[in-house]
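# Fold and geometry: a report
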Amino acid sequence: MSFDNALGAIAEDNDEARWAFGTGFHDPLAGIDASVPDGVDGADLAAYCLMLGDDALVMSHRLQEWCTHAPELEEEVALANIALDLLGQARLLLARAGAAMGTGQDETALTETVLTEDALAFFRDAPEFRNVRLVEEPNGDFAHAIVRLLLFSTWRLALLDRLTSSADPVLAAVAAKGVKEVAYHRDHAALWTIRLGDGTEESHRRTRRALDVLWPATGELFGVHEVERRAAAAGFGVDPADVRAEFDAVVGEVLAAAALPCPAPVPAEVAGRGGAHSAALGALLADMQGLARAHPGATW
Amino acid sequence: MSGGTSRGAEGARGEEARARAVAAAVVDPELPMITLDELGVLREVRVEDGRVEVSITPTYTGCPALDAMRDDLRARLTGAGFADVRVRTVLDPPWTTDWISESGRRSLAEAGVSPPGPAPRRPAGPVPLTLGPVRRIRCPHCGSADTTELSRFAATACKSLHRCNGCREPFEHVKEI
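## Observations concerning the overall build of chain B
Counting its secondary structure elements, chain B contains four helices and seven strands. Tracing chain B from N to C terminus, the helices and strands come up as α-α-β-β-α-β-α-β-β-β-β. Counting the 177 residues in chain B, one finds 47% classified as buried. By sequence separation, contacts in chain B at least 24 residues apart represent 51% of the contacts at least 6 residues apart. Accessible surface, chain B as shown: approximately 8,300 Å² in total, 52% of it carbon and sulfur.

Spelled out as structure tokens, the structure:
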């Protein structure tokens, strides 16, 4: 197969015209294996893309759960839009992971009727997910959703921004698009954090409570899993410890403007990246994966 | 023989120009007042050995309109007599609203959608926080600069929602990215 670059190939068209959204498309990654650049370990690239893809997928699901529950129509639309952006990122990253791990070596329940990308999203169990636990925490009130979005998107933006120079051109391209999207998500969350934190007594109290609940999960954002360490060394990934200063600066600026205290840094740890999750992820997956598992290969 | 080759190459270029014209006339599924070409989503049209290869780029990573664009392009090109049509998606370089053409901007404004200003230029270093409106959005209906942002997100990922304090009409604005 010939293509100008790996980006063209990963997004290669197929007869079903289902690349961006929806279901029913065939393997969009045929012939992509050769595109793993020299010096990049395919298994590490796959594992690394799974981490970033799972963060986006699980966070997107939590935002989707807000549909019909948001406090006002505009926020309903906003949260759904953000969820859609993250789902788009998750799809490309899972597809990239599937391509990099190579067909036939896939440990997931890949069958002829289930595609690699879908297999990764719908047929892995909780211990196989590599997302940080911040994104799997059950939803709370609106302040909780906003504070989580602020913490998540500030962190993800810092990661994606550095990944635009990744040695893997596919990851670099996904990151370059993602930076524009996530910057807008972060600014949206920042505006709401300030409005709520510096708002009424009740909104301040709730935002502060959300910060108390979510802040302990931030230590995991900067823990370095061995895959991340190798990915950074090989030039296609980012050492998460490197983004802590930027995260602290941005979050600190927003919290100060929101009249909220900035909690003390949480020691870095590795948990979700290694497959250690809370029970909440299992419940989330039961909801997200139920239909695909009951009807493998279903399309609509 | 060389003359034949030249005519053949000319014919191929003619076919490419014709394919490009057909593809360029396809309108955006969510902004039907402007074409994919004017939107800057249509990146390349090539004809090789009778096969048309069209490259498009998504506005946003999760944009669901991409499927409809692909189907529309294929249907229009097939209808124009091109039997073998492939539509590729390219992600790099990422789409920017700066690629929307002048005619596209005029069509948006005439349809009541405020066209984007220049995409933000990023200084070196981390992506800066933007905590206020970066520019005054002008009402596409009456031209007033006295407008209020109602929502940073609208019916599609690429637009925000506003209201004019002059004529009181709500309107959408294509966000600068």
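There is more to say after this.
## Some points on the interface of chain B and chain A
When the parts come together, some accessible area is lost, and that loss is often what is quoted as the size of the interface. Contacts between the two partners involve 41 residues from chain B, matched on the other side by 45 residues from chain A. Considering only the side of chain B, the residues that lose the most area to chain A are B:T61, B:L91 and B:F153, jointly responsible for 21% of the buried surface there. In this structure, B:R122 and A:D161 form a salt bridge, with 2.8 Å as the shortest nitrogen-oxygen distance. On the surface where chain B and chain A come into contact, there are twelve residue pairs in polar contact (both at pLDDT 80 or more). At five residues, helix α3 (residues 65–79) of chain B tops the list of elements feeding residues into the side of chain B that touches chain A. Taken together, the residues of the side of chain B that touches chain A sort by class into 20 nonpolar, ten polar and eleven charged.

## As for the sheet that holds strand β2 (residues 51–56) of chain B
All names here are of chain B. Pairing in this open sheet of three strands is mixed, and the strands run β1-β2-β3 from one edge to the other. Both outer strands of the open sheet, β1 (42–48) and β3 (84–89), are each paired with one neighbouring strand and no more. For this sheet the average axis-to-axis angle between neighbouring strands, irrespective of direction, equals 15°. Of the strand pairs in this sheet, β2 and β3 are connected by six bridges, and their pairing is parallel. When the bridges of β3 are listed, S55 appears paired with R88. Relative to β3, α3 is tilted by about 155°, and along the sheet it contacts β2 and β3.

## Some points on the nonpolar core
Counting residues in each nonpolar core, the largest one holds 91 residues, and the members touching the most others are A:Y48, A:W155 and A:L171. The element contributing the most residues to this core is helix α5 (residues 142–163) of chain A, with 15 residues. Each residue touching A:L171, except ones within four places of it in the same chain, is listed here: A:L45, A:Y48, A:C49, A:L52, A:L93, A:L163, A:S166 and A:F236. Counting residues in each nonpolar core, the second largest holds 34 residues, with B:I34, B:V54, B:C63 and B:L66 among its members.

## Focus: the side chain of A:D44
Residue and element names in this part refer to chain A. Checked against the element boundaries, D44 lands in helix α2 (residues 42–64). Owing to a relative accessible area of 11%, D44 belongs among the buried residues under this scheme. Other than its neighbours up to four places away in sequence, D44 contacts V227, R230 and F236.

## Thoughts on α5(A)
If you check α5(A), its first and last C-alpha atoms are 31 Å apart, about what 22 residues at 1.5 Å a residue would give, namely 32 Å. α5(A) sits mainly inside the fold: 21 of its 22 residues count as buried.

## Points about helix α3 (residues 73–101) of chain A
End to end, α3(A) covers 42 Å across 29 residues, agreeing with the expected 42 Å (1.5 Å per residue, within 8%). By the criterion of burial, α3(A) is predominantly enclosed, with 24 of the 29 residues buried.

## Things to note about the packing of helix α6 (residues 169–197) of chain A against helix α7 (residues 201–214) of chain A
All names here are of chain A. Viewed as axis vectors pointing N to C, α6 and α7 meet at an angle of 125°, and their least axial separation amounts to 7 Å. It follows that α6 is oblique to α7 by the angle criterion. The residues of α7 that touch α6, namely those facing R195, L196 and G197, are S203, H204 and T207. The class makeup of the residues in the contact of α6 with α7 is one nonpolar, four polar and one charged.

## Observations concerning the confidence of the model for chain A
Residues and elements named next belong to chain A. On average, residues of chain A score 87 in pLDDT, and 84% of them are at 70 or above. Between residues 5–34, whose pLDDT stays under 50, and residues either more than four places distant or in other chains, the model counts 86 contacts. Low pLDDT, under 50, characterises residues 103–114; the predicted model gives this stretch 15 contacts beyond four residues in sequence or across chains.

Thresholds, definitions, all that
- Along each chain, numbering runs from 1 in the same order as the chain's sequence is written.
- Chain letters and ligand numbers both follow the written order, the letters beginning at A and the numbers at 1.
- Reporting of local features is limited, given that this is a predicted model, to residues whose pLDDT is at least 70; pairs of side-chain atoms are given and counted only at 80 or more, and all residues count toward the totals for whole chains, interfaces and linings.
- Only hydrogens and water are set aside when side-chain values are computed; all heavy atoms of the structure are taken into account.
- For the purposes of this entry, the term helix denotes a DSSP run of H or I that reaches at least four residues, the term strand denotes a run of E that reaches at least two, and both are numbered from the N terminus.
- In this scheme, a residue with accessible area under 20% of its type's maximum is buried, one over 50% is exposed, and one in between is partly exposed, where area comes from a 1.4 Å probe on protein chains only.
- The contact rule is simple, with two residues in contact once any of their heavy atoms fall within 4.5 Å.
- Surface accessibility follows the Shrake-Rupley procedure with a 1.4 Å probe radius. Residue values consider only the protein chains on display as shielding.
- Here's the idea: put two parts together, see how much 1.4 Å probe accessible area each one loses, and the total over both is what we call buried area.
- Here a salt bridge means any side-chain nitrogen of Lys or Arg lying within 4 Å of a carboxyl oxygen belonging to Asp or Glu.
- Whenever a nitrogen or oxygen atom comes within 3.5 Å of another N or O atom, the pair is scored as a polar contact, on the condition that within protein one atom can donate a hydrogen and the other can accept it, and that pairs from neighbouring residues in sequence are kept only if both atoms are in side chains.
- In the scheme used here, Gly and all other residues not listed as nonpolar or charged are polar, with Ala, Val, Leu, Ile, Met, Phe, Trp, Tyr, Cys and Pro taken as nonpolar and Asp, Glu, Lys and Arg as charged.
- Here, any two strands with at least 2 DSSP bridges between them count as paired.
- Axes, fitted as lines to C-alpha atoms, cover a helix only where it is in contact. Angles between the N-to-C directions of the axes lie from 0 to 180 degrees.
- We define a nonpolar core as any set of buried Ala, Val, Leu, Ile, Met, Phe, Trp, Tyr and Cys residues linked to one another through side-chain atoms lying within 4.5 Å.
- Take the residue count of a helix, subtract one, and multiply by 1.5 Å to get its expected span.
- The cut-offs work like this: below 35 degrees is roughly parallel, past 145 is roughly antiparallel, 65 to 115 is roughly perpendicular, and the gaps in between are oblique.
- Here pLDDT means the predictor's own confidence in every residue, given as a number from 0 to 100.

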